[in-house]
Amino acid sequence: MNSTTLASVSVDLDNVWSYLKTHGDPEWEARPSYLHVAVPRIVELFGELNQSTTVFVIGADAARDDGAEAVSLFARCGHEVGNHSYEHEPWLQRYDAQRLAAEVDRTHEAIVAAGAPAPVGFRAPGYSHTPELFRLLIARGYQYDASVLPTWIGPLARYQHFRSTELSDEQREDRADLFGGFGQARWSLHPQRLRAAGGQIVELPVTTFPVARVPMHGSYLIQLYSISPRLARGYFRAAVRLCRARGVGMSMLIHPTDILDRRDAPAMEFFPGMGVAASDKAAFITWVVQTMQANFDVVGTGDHVAAMSAPGVPLASAEIG
């Protein structure tokens, strides 16, 4: 496998309740779920593509029956299961050390209890990483983190989020750092070793459009698709060409909402792109992965990191602040 043409695809198994919580909708407390619809479709999509992936699972879901069954199914189908925090609150930046450790540890335990191998990779909800998180993951023996989205649009996305929701002052305070700041754009698009006194961890960022540093993950592409399928395909083709030209091995992220519509999840009607038919979404995401497969050697995030950090492969390093 050539590290210069390596890419990966992953799934964040965010659930209805996690979106409602971020949106400030008290209905989240009933923990509504679409996993019974989403999981079989994800398994079918990747099976038809003959493609392995990494599924980052929320601990609160893995600890209940439908989530535990999903974890077991993904593992049996040969997909890696990663840690996506326990309560999926995209403001981990505001957690103290004890609460942050609980988010990682409780999810780790729930994934193992559900029958999957112990996770070695972590992705924070909403790209809410901190140096404290990296040090914690190193202390827990994790091999990689995949939480960074190198883009400048975080504050703009946060502004739009606040405009589209009715949040209390306390909720707005919690979300004050939602989606990060403009400085996120300074992160490299390439994987790198992050070093601390206790060891190191590899950061595999979610790829953004080289140079422009705007998102190109599945949900962003679906928003473009809802405007114009031709625009979405042209945008992604251009992103692939530029990634290849600049030696960026793509790390593509998709969500269940990228293959579901408002009939599958009526409570999610507020989410962009839910008016696009699920069949059209699935066909488009299939095309996205097939386009990656035609241009890269595509694997899951864990295999991507393992290949990029193998002996003899140059990998940049940085000290954790």
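What comes next concerns the included structure. Keep in mind it's a predicted model, so treat the numbers as computed, not measured.

Concerning the overall build of the protein
Here is step 1 of the chain: For the protein, the count of helices and strands is 12 helices and 10 strands.
Here is step 2 of the chain: The C-alpha radius of gyration computed for the protein amounts to 18 Å, which stays within 12% of the reference 20 Å derived for 321 residues, consistent with globular compactness.
Here is step 3 of the chain: Counting only C-alpha atoms and orienting by the principal axes, one finds that the protein spans roughly 50 × 45 × 40 Å.
Here is step 4 of the chain: Looking at the protein alone, contacts between residues at least 24 apart form 75% of all its contacts between residues at least 6 apart.
Here is step 5 of the chain: Carbon and sulfur atoms form 51% of the exposed surface of the protein, whose accessible area is close to 13,300 Å².

Examining the pattern of salt bridges
Here is step 1 of the chain: Taken as a whole and judged by the stated rule, the model has 14 salt bridges.
Here is step 2 of the chain: In this structure, Asp-177 engages Arg-94 in a salt bridge whose closest nitrogen and oxygen atoms are separated by 3.1 Å. Remark: Arg-94 occurs in the loop between strand E3 (80–83) and helix H5 (97–113) and Asp-177 occurs in the loop between helix H8 (169–174) and strand E6 (192–196); sequence separation between them is 83 residues.
Here is step 3 of the chain: Classification of Arg-94 by relative accessible area gives partly exposed; the value is 33%.
Here is step 4 of the chain: A salt bridge links Arg-262 to Glu-269; the nearest nitrogen and oxygen atoms lie 3.7 Å apart.
Here is step 5 of the chain: Using a relative accessible area of 42% as the deciding quantity, one classes Arg-262 as partly exposed.
Here is step 6 of the chain: For Glu-269, a relative accessible area of 51% puts it in the exposed group.
Here is step 7 of the chain: Connected through salt bridges with shared partners, the residues Lys-21, Arg-31, Glu-87, Glu-89 and Arg-99 form a single ionic network.

Notes on the pairing of strand E1 (residues 6–12)
Here is step 1 of the chain: Most of E1 sits inside the fold, with seven of its seven residues counted as buried.
Here is step 2 of the chain: Burial along E1 is two-sided: Leu-6, Ser-8, Ser-10 and Asp-12 and Ala-7, Val-9 and Val-11, pointing in opposite directions, are all buried.
Here is step 3 of the chain: Of the strand pairs in this sheet, E1 and strand E8 (residues 251–254) are connected by four bridges, and their pairing is parallel. Bridging from a neighbouring strand, Val-9 pairs with Met-252 of E8.

Some details on H5
For an α-helix, 3.6 residues make a turn, and residues three or four places apart therefore share a direction.
Here is step 1 of the chain: Given a rise of 1.5 Å per residue, 17 residues ought to cover 24 Å, and the 24 Å separating the end C-alpha atoms of H5 matches this to within 8%.
Here is step 2 of the chain: Among the residues of H5, Leu-100, Ala-101, Glu-103, Val-104, Thr-107, Ala-110 and Ile-111 are the ones counted as buried.
Here is step 3 of the chain: Next to the buried residues of H5 lie strand E2 (54–57), helix H3 (59–62), helix H4 (65–76), E3, strand E4 (121–122) and helix H6 (131–139).
Here is step 4 of the chain: Looking one or two residues beyond H5, the residue adopting positive phi is Gly-115, at roughly 110°.

Looking at the side chain of Ser-8
Here is step 1 of the chain: Inspection of the secondary structure puts Ser-8 in strand E1.
Here is step 2 of the chain: With relative accessibility at 0%, the residue Ser-8 sits in the buried group.
Here is step 3 of the chain: Discounting chain neighbours no more than four positions away, the residues touching Ser-8 are Leu-204, Met-250, Ser-251, Met-252, Met-292, Val-298, Val-299, Gly-300, Thr-301 and His-304.

Considering helix H1 (residues 16–23)
Here is step 1 of the chain: Counting buried residues along H1, eight of its eight residues qualify, which places the element largely inside the surrounding structure.
Here is step 2 of the chain: Taken together, the buried positions of H1 are Val-16, Trp-17, Ser-18, Tyr-19, Leu-20, Lys-21, Thr-22 and His-23.
Here is step 3 of the chain: For H1, the secondary structure elements touched by its buried residues are H3 and helix H7 (154–164).
Here is step 4 of the chain: Just downstream of H1 lies Gly-24, where phi reads positive at about 85°.

Thoughts on the packing of helix H9 (residues 218–227) against helix H10 (residues 229–245)
Here is step 1 of the chain: Packing of H9 against H10 leaves a shortest axis separation of 5 Å and a crossing angle of 140°. What the angle tells us is that H9 and H10 run oblique. Contact with H9, carried on its side by Tyr-220, Leu-221, Leu-224, Tyr-225 and Ile-227, involves Pro-229, Leu-231, Ala-232, Arg-233, Tyr-235 and Phe-236 of H10 and no other residues of that element.
Here is step 2 of the chain: Grouping the constituent residues of the contact of H9 with H10 by class yields 10 nonpolar, no polar and one charged.

Here's the deal with the layout of surface pockets
Here is step 1 of the chain: Taken as a whole, the largest pocket encloses approximately 940 Å³ of empty space.
Here is step 2 of the chain: Ala-157, Phe-179, Gln-223, Phe-271 and Pro-272 are the residues nearest the centre of the largest pocket, which is lined by 33 residues in total.
Here is step 3 of the chain: Here the element with the most residues in the lining of the largest pocket is H7; it accounts for six residues.
Here is step 4 of the chain: In terms of residue class, the lining of the largest pocket is built from 15 nonpolar, 16 polar and two charged.

Thresholds applied
Residues numbered from 1 in each chain as written. Predicted model: local features only at pLDDT ≥ 70, side-chain atom pairs only at ≥ 80, totals over all residues. Heavy atoms only, no water. Helix = DSSP H or I, 4+ residues; strand = E, 2+ residues; numbered from the N terminus. Rg over C-alpha atoms; globule rule 2.2 N^0.38 Å. Contact = heavy atoms within 4.5 Å. Areas by Shrake-Rupley, 256 points an atom, 1.4 Å probe, with all protein chains shown as cover. Salt bridge = Lys/Arg side-chain N within 4 Å of Asp/Glu carboxyl O. Buried < 20%, exposed > 50% of the residue type's maximum accessible area, 1.4 Å probe, protein only. Pairing = 2+ DSSP bridges. Expected span 1.5 Å × (residues − 1). Axes fitted to C-alpha atoms, helices over the stretch in contact; angles between N-to-C directions. Parallel < 35°, antiparallel > 145°, perpendicular 65-115°, else oblique. Nonpolar A, V, L, I, M, F, W, Y, C, P; charged D, E, K, R; others polar. 1 Å grid on protein atoms, 1.4 Å probe; cavity = no way out; pocket = protein on both sides within 12 Å on 5 of 7 lines; lining within 4 Å. Points joined across faces, edges and corners; volume = space filled by probe spheres on them.

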